[in-house]
Amino acid sequence: MPTATRPNEVWTHDFVFDRDAAGRRLKLLTVMDEFTREGLAIRVGRSFKATQVKEVLAEVGAKHGFPKFLRSDNGSEFIAAIIKEFLAENNIKAAYIEPGSPWQNGKGESFNGKFRDECLGMEIFGNWREAKVIAEQWRKFYNLERPHSSLSYQTPNEFRRDWEKRQRLLKNQLREKLATAMAQGLGS
C-alpha cells in the first residue's frame with residue numbers, strides 16, 4: 001500500500017451514509033489528501049453512479065492536479081470500468097484496500113469519522129440540498145480552522161503551506177550549495 005510523503009500524492013475517497021429528517025437516504029462522497037489531511041471534496045446525493053464519482057474526481061483534479069495514487073475500497077462505483085479508464089487517462093494508480101479491511105484506509109476512515117461525529121451527528125438535514133451546504137461548510141472549517149494533533153496542531157491548510165515553504169527553503173539551500181561548489185571548483 002502506498003504511503004503519502006508529499007501533498008497530492010495519495011488521495012482516498014469513500015462513501016458515508018446518513019438520513020435526512022424524513023428518513024430518506026443521503027450518500028456522501030468524501031475525497032481527501034492523505035498527506036495534508038485536507039478534505040478536497042464532500043458531495044451529497046441520494047445515490048452516486050461511477051460517472052458522478054468520475055466527475056467529482058475530475059473537478060478536484062482540475063483544481064489540485066491529480067494524485068499518483070487513489071485509495072478506495074472495492075465498491076462498485078470505485079471499480080467500474082469508467083473509473084479505471086479515468087485513472088489510466090490521468091496516470092493515477094488505484095490502491096484498493098482488501099475487502100473488510102478498513103484499517104488499510106486509516107486516514108480516510110479517520111476523516112470520515114470526524115465528519116460523522118462533528119457534522120452528520122450534530123445536524124438534522126431537511127433535505128439533501130441542506131446537507132450539501134452544511135457538509136461544505138464543515139469541510140472548509142475542517143481545512144481552515146480545525147487544528148489536528150497529527151499535524152502538530154495545525155490545520156490542514158496551515159500544514160500544507162508550511163510544508164511548501166520548507167520545500168522552497170530546501171531548494172534554495174541546495175541551489176546555494178551548488179553555486180558555492182561550482183564557484184569553488186572554477187577558482188581552483
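These notes cover the structure that comes with them. This is a predicted model, so every value here is computed, not measured.

About the cut-offs
Residues numbered from 1 in each chain as written. Predicted model: local features only at pLDDT ≥ 70, side-chain atom pairs only at ≥ 80, totals over all residues. Heavy atoms only, no water. Salt bridge = Lys/Arg side-chain N within 4 Å of Asp/Glu carboxyl O. Helix = DSSP H or I, 4+ residues; strand = E, 2+ residues; numbered from the N terminus. Buried < 20%, exposed > 50% of the residue type's maximum accessible area, 1.4 Å probe, protein only. Contact = heavy atoms within 4.5 Å. Pairing = 2+ DSSP bridges. Phe/Tyr/Trp six-rings, centres within 6.5 Å; stacked < 30°, edge-to-face > 60°. Lys NZ or Arg CZ within 6 Å of the ring centre and 35° of its normal. 1 Å grid on protein atoms, 1.4 Å probe; cavity = no way out; pocket = protein on both sides within 12 Å on 5 of 7 lines; lining within 4 Å. Points joined across faces, edges and corners; volume = space filled by probe spheres on them. Core = buried A, V, L, I, M, F, W, Y, C linked by side-chain atoms within 4.5 Å.

## A look at the pattern of salt bridges
The final tally for this structure, using the stated rule, is ten salt bridges. R71 is the partner of E34 in a salt bridge, and the nearest nitrogen-oxygen pair spans 2.6 Å. Note that E34 is positioned in the loop between strand 2 (25-33) and strand 3 (39-45) and R71 in strand 4 (residues 69-72), a separation of 37 residues in sequence. The pair formed by E34 and R71 is uniform in burial state, with each residue classed as buried. When salt bridges with common partners are traced through the structure, they connect D33, E38, R160 and E164 into a single cluster.

## A look at the environment of F115
Structurally, F115 is set in helix 4 (residues 106-118). Between the C-alpha atom of F115 and that of A135, which follows or precedes it by 20 residues, the distance is 8.4 Å. Those residues within four positions of F115 in sequence are excluded, and the remaining contacts are V16, L28, T30, I42, L120, A135 and W138.

## Topic: the pairing of strand 3
A large share of strand 3 lies buried, amounting to six of its seven residues. Across six bridges, strand 2 lies against strand 3 in antiparallel orientation. Residue pairing in the sheet places V31 in a bridge with A41 of strand 3. Between strand 2 and strand 3, which pair antiparallel in sequence order, lie five residues; one of them, R37, sits at a positive phi of approximately 70°.

## With respect to the packing of aromatic side chains
In total, this model carries ten aromatic pairs according to the counting rule given. One aromatic cluster is present, formed by F15, F17, F48 and F78 through successive ring pairs. Across from the ring centre of F15, 4.3 Å away, lies the NZ or CZ of K27, which sits over that ring.

## A closer look at unusual backbone geometry
We note that N8 has phi near 65°; this positive angle belongs to a residue other than glycine. Here N8 shows up in the segment before strand 1 (10-19). On the basis of relative accessible area, N8 is assigned to the buried category, the value being 13%. One non-glycine residue, N91, lies in the positive phi region at around 60°. Along the chain, N91 turns up in the loop between helix 3 (81-89) and strand 5 (93-96).

## Considerations on the layout of surface pockets
One number sums up the size of the largest pocket: a volume of about 180 Å³. If you go around the largest pocket, the residues you meet are E38, G39, L40, K63, H64, R139, K140, N143, L144 and N157. Only strand 3, helix 1 (50-64) and helix 5 (128-144) provide two or more residues apiece to the lining of the largest pocket. The greatest single-element share of the lining of the largest pocket, amounting to four residues, is contributed by helix 5.

## A look at the pairing of strand 4
Side chains of strand 4 alternate between two faces, with F69 and R71 and L70 and S72 buried alike. Sheet topology note: the strand 1/strand 4 ladder contains three bridges and is parallel. Bridge pairing links W11 to L70 in strand 4.

## Things to note about the nonpolar core
Ranked by internal contacts, the top residues of the largest apolar core, which has 19 residues, are W11, L29, V31, V53 and L57. Sort the elements by how many residues they give to this core and helix 1 lands first, with five residues. With residues up to four places along the chain from it excluded, the contact list for L57 reads W11, H13, V31, F66, L70 and F86. One finds M32, V44, F125 and Y142 within the second-largest nonpolar core, a separate group that totals 16 residues.

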